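Architecture at a glance
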Amino acid sequence: MDSHADKAGAAPKRQAVIYYLTGTGNSYRVASWMGDACRRHGVPARVIAIPHATPAEDLTPGDNQLLGLVTPTHGFTTPWLVLRFALGLPHGRGTRAFVTPTRAGAKFGPLFTPGMEGTAAYLLTLVLLLKGYNIRGVMGLDMPANWIVVHPGLSPVSAEAINARAATRVNFLMNRILAGERYLTGLLPLLLGLLILPVSVGYMLVGRFLLAKLFYASERCTGCGSCARACPAHAIRMWGANHPRPYWTFSCESCMRCMNFCPTQAVQASYPLAAALYFITTWPAGLILVNWLGRQWPPLARLGNPVTTVLVNYAYVLTATALTYLGFILLMRLPLVNRLFTAVTPTRYFRRYREPGTELKDIQ
Ligand SMILES: Cc1cc2nc3c(=O)[nH]c(=O)nc-3n(C[C@H](O)[C@H](O)[C@H](O)COP(=O)(O)O)c2cc1C
Ligand code: SF4
Ligand code: SF4
């Protein structure tokens, strides 16, 4: 409809498109609140999951349009999937835009503790600025922490309390943006994020691949395939003819959806495997290989510079991780071994988390 208006020369009507990526529902909930706020202000809004987004059709760039990006924070920055999506957005032509990374809030008794978005907000902001968007709002937002690989899920009561505060913040932000004001926060997290930039770069280049390869299904797995269908990154393959089990590929973004929505709580992250991968991947294979090749054939000694060593090491880390994981998944098909590994894996005892009002069908 808007494109017809464009062709007739009339200004496209005001509208908002809010894109989100979500693992456990937090960012979806925030994006939904933002959509509701737009509608209360008389601005039609669409709230679209990034894996289903078609920006070339959803958006009519121009200053009557409002674009929102809502994302979880991963490794103190934005997940690769969201960064890639932002890089692929059409030129903004002055489209107004805002960015909200959700982050790991927690509650201990009466005390609320914040998460830290690091560079997540301003990395996306920079991409939007370079693409000609008019930045109207940047705000990190505490939602319940969801990284169940490293901690138990918050109780529903704590999660509700954190969400209530977050809803108030969202209304505050949207009221200002929709009133035409600009609201930019998060300079301190940005500064801290820049200080620990190597952590974020390490997470994006190595950490997320290692994390993907810690997942396995315990003996409680029924082979229903729900995790594979629900994965926003299409990172799970069902493997095995008689008793199919999930196999996690490198495309996994560690969004925690499979772990938290599995109907039998079968998805676990193996700590013993993490320890094994640590030793395997920190072995200086790149250096050893390059030196050995140099001794075998002296012209190859020229390879022994820091850049080639890092590249060879990177290839080694990914290959060794993939092969170790393959062996591990084969081992996990032996019921006794699987039970043994599961018994010593802390995630087996962790409460699962999902945004209290969110069902799988809302985000799938
Ligand atoms: C792998 C992973 C890494 C995370 N890293 C951070 C982080 O660096 N800082 C932070 O505040 N929260 C971090 N979190 C917490 C989530 O960003 C936060 O709980 C978010 O609201 C989850 O949103 P979602 O349910 O939409 O996926 C991390 C969560 C996961 C799963
Ligand atoms: S891990 Fe859970 S969701 Fe995935 S196939 Fe097994 S039972 Fe189904
Ligand atoms: S495999 Fe699981 S944790 Fe990884 S992206 Fe898919 S749903 Fe998220």
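Residues numbered from 1 in each chain as written. Chains lettered and ligands numbered in written order. Predicted model: local features only at pLDDT ≥ 70, side-chain atom pairs only at ≥ 80, totals over all residues. Heavy atoms only, no water.

On to the domain arrangement of the chain, then. With domains assigned, the chain is organised as domain 1 (2–196) and domain 2 (206–349). The gap between the C-alpha centroids of domain 1 and domain 2 is 31 Å. Counting from both sides, the interface comprises 14 residues of domain 1 and, opposite them, 16 residues of domain 2. Taken over both partners, the interface formed by domain 1 and domain 2 buries close to 1,300 Å², and the fraction arising from carbon and sulfur atoms is 64%. Per-residue buried area on domain 1 facing domain 2 is highest for Gly 23, Ile 148 and Val 149; these three make up 38% of the total on that side. For the pair domain 1 and domain 2, the interface holds 0 salt bridges. Where domain 1 meets domain 2, there are 5 residue pairs in polar contact (both at pLDDT 80 or more). (Domains from an automatic or database assignment. Contact = heavy atoms within 4.5 Å. Buried area = accessible area lost by both parts, 1.4 Å probe. Salt bridge = Lys/Arg side-chain N within 4 Å of Asp/Glu carboxyl O. Polar contact = N/O pair within 3.5 Å; in protein donor to acceptor, adjacent residues only side chain to side chain.)

Inspection of every chain in the model, using the stated rule, returns 8 salt bridges. As a salt-bridge pair, Arg 39 and Asp 36 come within 2.9 Å of each other at their nearest N and O atoms. Taken together, the positions of Arg 39 and Asp 36, both in helix α2 (residues 26–40) and 3 residues apart, correspond to about one turn of that helix. Since its relative accessible area comes to 35%, Asp 36 is described here as partly exposed. Between Arg 208 and Glu 253 there is a salt bridge; the shortest N-O distance is 3.5 Å. Within this pair, whereas Arg 208 is found in helix α8 (residues 197–212), its partner Glu 253 is found in the loop between β11 (245–248) and α10 (257–261), the two being separated by 45 residues in sequence. Taken as a pair, Arg 208 and Glu 253 share a single burial class, namely buried. Here the salt bridges do not stand alone but share partners, grouping Arg 103, Glu 117 and Asp 142 into one network. (Helix = DSSP H or I, 4+ residues; strand = E, 2+ residues; numbered from the N terminus. Buried < 20%, exposed > 50% of the residue type's maximum accessible area, 1.4 Å probe, protein only.)

Once that is clear, we can look at helix α11 (residues 271–282). Between its first and last C-alpha, α11 extends 17 Å over 12 residues, near the 16 Å set by a 1.5 Å rise per residue. Taken together, the buried positions of α11 are occupied by Leu 273, Leu 277 and Thr 281. The buried side chains of α11 occupy one side of the element, clustering within an arc of 55° when seen end-on. Along α11, exposed side chains directed more than 90 degrees from the buried face belong to Tyr 278 and Phe 279. Those residues of α11 hidden inside the fold are in contact with α8 and α13 (306–331). If you check the start of α11, you find a side-chain oxygen 3.2 Å away from the backbone N of Leu 273, and it comes from Ser 270. (Expected span 1.5 Å × (residues − 1). Arc of directions from axis to C-beta.)

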